[in-house]
Every structure is written in C-alpha cells, then in structure tokens.
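The lines below spell out each chain.
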Amino acid sequence: MTEENRLEITDGILMRCSGGARKIVLPKTVRSIAAQAFVDCTDVEEIEIPGNQIRLPAEHIFSGCTALKKLSLWGEAEDAAGSRFTSRVRLKEYLGLAEDVQLEWECPTVWCLEDRCQFCGGALRGDVMRVCSFCGRIN
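Bear in mind that the values here come from a model prediction, so they are computed numbers and not experimental data.

A. Representation of helix α1 (residues 88–95) within the structure. L91, Y94 and L95 are the residues of α1 that are buried. Viewed along the axis of α1, the buried residues span an arc of 95°, placing them on a single side of the element. If you follow the buried residues of α1, they end up packed against β7 (70–74), β8 (76–78) and β9 (102–106). With a side-chain oxygen positioned 3.3 Å from the backbone nitrogen of V89, the residue opening α1 is S87. In the segment just after α1, G96 is the residue with positive phi, at about 70°.

Right, dumping it as structure tokens:
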C-alpha cells in the first residue's frame, strides 16, 4: 500500500499537509504556504516546491517537519512582507531549517542570485553599502 500526503489547497494557498509519504511535491498552482500547513508532517523527509514564485508568510514554516532532510525550492521566494530573498543563508534562517537540512534553491531571475546585483547580475562589493562592481548601482 502506497502512503500519500493529503494536501489541502484553497485559492493557491497550501492550508494543510496531512502526512503519510516521505516526500511531498507541491503542485505548481500553490503560490503561498499557510503558517501552520506543515505542523503535523513529522515523517516528511523531502519537500519539493516547483513553482515559479512562492510566498512564505511566516518564519519557521517547516519547523513541524522534524524528519526533514532536503528542501528543494525552484523559483522566487518572498517573506511575509513580500520581500524577495537574495541569500540562501537568509532563506534557510527564515525557514528555520536545521543545519543538517539540505536546501536546494534556484531562482530563474537575476535578483535572486546570491550576492549579485538586482539590476545587471554583477558581483556586489561592500558590507553595508552594497555596490555593483560592474554597473556601479547601489543594491
């Protein structure tokens, strides 16, 4: 008998995931994840989010996934305020992922590139005043 996860989705928002299988692949129609969606998913080891843009309206959204080993996110990710993540480290902190959880994150847009200019994709320099070494714009 195959175990499967039951996903409750309303208007593009994943409201709840009722555990079962070890891997969850969200449908591309999911654009946001409710804060308590993964509270009871203690057996889930892998989550894949294939959408182009996803809103994560709460910090530590995957903290209920105590067995989580890998999170794959393919696209833009926004926090509760609608700000895009530009750093893998910051995204992992926001999600509250443990050190041993592997985060795969690839965003097709230039502003999601870690330590890259949101205008041209050039390398940034400086700690406080982030200036692009290619186009000279402040990021």
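That was the structure; now back to the text.
B. The arrangement of a nonpolar patch on the surface in detail. On the surface, a nonpolar cluster with roughly 350 Å² of combined accessible area is contributed by V128, M129 and I138. Relative to the elements of secondary structure, V128 occurs in the loop between β10 (124–125) and β11 (131–132).

C. Representation of the packing of aromatic side chains within the structure. Applying the stated criterion to the full structure yields 2 aromatic pairs. Ring geometry for F38 against F62: centres 4.9 Å apart, planes inclined by 50°, an arrangement best described as tilted. Note that F38 is positioned in the loop between β4 (32–33) and β5 (46–49) and F62 in the loop between β6 (53–55) and β7, a separation of 24 residues in sequence. Judged on exposure class, the residue F38 and its partner F62 are both buried.

D. Region of the structure containing the sheet that holds strand β3 (residues 23–25). Within the open sheet, the 4 strands sit side by side as β3-β5-β7-β9. Their pairing is parallel. The open sheet is flanked by β3 and β9, the only strands paired with a single partner. When the angles between neighbouring strand axes are averaged without regard to direction, this sheet yields 5°. Where β5 lies against β7, 4 bridges are found, and the strand directions are parallel. Of the residues in β7, the one forming a bridge with I47 is L71. Its contacts with the sheet place α1 against β7 and β9, and it is angled at close to 125° to β9.

So, how was this worked out
Residues numbered from 1 in each chain as written. Predicted model: local features only at pLDDT ≥ 70, side-chain atom pairs only at ≥ 80, totals over all residues. Heavy atoms only, no water. Buried < 20%, exposed > 50% of the residue type's maximum accessible area, 1.4 Å probe, protein only. Helix = DSSP H or I, 4+ residues; strand = E, 2+ residues; numbered from the N terminus. Arc of directions from axis to C-beta. Contact = heavy atoms within 4.5 Å. Polar contact = N/O pair within 3.5 Å; in protein donor to acceptor, adjacent residues only side chain to side chain. Patch = residues over 30% accessible without salt bridge, like charges linked within 9 Å, V, L, I, M, F, W, Y side chains within 5 Å. Areas by Shrake-Rupley, 256 points an atom, 1.4 Å probe, with all protein chains shown as cover. Salt bridge = Lys/Arg side-chain N within 4 Å of Asp/Glu carboxyl O. Phe/Tyr/Trp six-rings, centres within 6.5 Å; stacked < 30°, edge-to-face > 60°. Pairing = 2+ DSSP bridges. Axes fitted to C-alpha atoms, helices over the stretch in contact; angles between N-to-C directions.

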